[in-house]
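Topology and contacts: notes
The residues making up each chain are set out below.
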Amino acid sequence: QAQLVESGGGLVQAGGSLRLSCAASGSIFSINAMGWYRQAPEKQRELVATITSGGSTNYADSVKGRFTISRDNAKNTVYLQMVSLKPEDTAVYYCNAHFRRREYGPMYNYWGQGTQVTVSS
């Protein structure tokens, strides 16, 4: 088994900053892409940012210039640094990872349990 454990969410005023972390643990051979998604009340889950094992990144237009995704491959951990937060960033943020449990094995897609980010105006 494997799991993703998120931390770092909370309540912050508009203009503030937060840093989310997500650590993958368990039966993991290698991790490919990792990313962050979010889901606001009554809205669909949407992509926030992704990062490949080589460090290539992709961001939603709504967060470009404000959010930075990074990863520590040695720790199997992905981070999301969020600055200049806006009330519309309020959502549950989910970590996502694609990984193999053994060499040449199938790719698994795992999700974290989610962490709440609330930005007050």
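Preceding this paragraph is the structure being described.
The present account deals with the structure reproduced in this document. (Residues numbered from 1 in each chain as written. Predicted model: local features only at pLDDT ≥ 70, side-chain atom pairs only at ≥ 80, totals over all residues. Heavy atoms only, no water.)

1. A few points about the nonpolar core
Trp 36, Leu 80, Met 82 and Tyr 93 are the most contacted members of the largest nonpolar core, which totals 30 residues. The set of elements that each furnish at least two residues to this core consists of strand 1 (2-7), strand 3 (18-26), strand 4 (30-39), strand 5 (46-51), strand 7 (67-72), strand 8 (77-82), strand 9 (91-100) and strand 11 (115-120). In terms of residue count, strand 9 provides more of this core than any other element does, 5 residues in total. With sequence-adjacent residues up to four places away left out, Leu 80 is seen in contact with Leu 18, Arg 19, Leu 20, Trp 36, Val 48, Ala 49, Phe 67, Thr 68, Ile 69 and Tyr 93. (Core = buried A, V, L, I, M, F, W, Y, C linked by side-chain atoms within 4.5 Å. Buried < 20%, exposed > 50% of the residue type's maximum accessible area, 1.4 Å probe, protein only. Helix = DSSP H or I, 4+ residues; strand = E, 2+ residues; numbered from the N terminus. Contact = heavy atoms within 4.5 Å.)

2. Here's the deal with the state of the cysteines
Among covalent bonds in proteins, the disulfide is the one between the sulfur atoms of two cysteines. Going through the model one piece at a time under the given rule, you end up with 1 disulfide. Across a sulfur-sulfur distance of 2.0 Å, Cys 22 and Cys 95 are joined as a disulfide pair. Taking the sign of the S-S torsion, -80° for the link of Cys 22 and Cys 95, the bridge is left-handed. Placement of the pair is Cys 22 in strand 3 and Cys 95 in strand 9, with a sequence separation of 73 residues. (Disulfide = S-S within 2.5 Å.)

3. A word on the sheet that holds strand 1
Strand order across the open sheet formed by 4 strands is 1-3-8-7, with antiparallel pairing between neighbours. With partners counted over all chains shown, the strands left at the sheet margins are strand 1 and strand 7, one partner each. Taking the axes of each pair of neighbouring strands and ignoring which way they run, one obtains an average angle of 15° across the sheet. Where strand 3 meets strand 8, 6 bridges bridge the pair, whose relative direction is antiparallel. Residue Arg 19 lies in a different strand from strand 8, and its bridge partner there is Gln 81. (Pairing = 2+ DSSP bridges. Axes fitted to C-alpha atoms, helices over the stretch in contact; angles between N-to-C directions.)

Distances and angles like these do not, on their own, reveal function.
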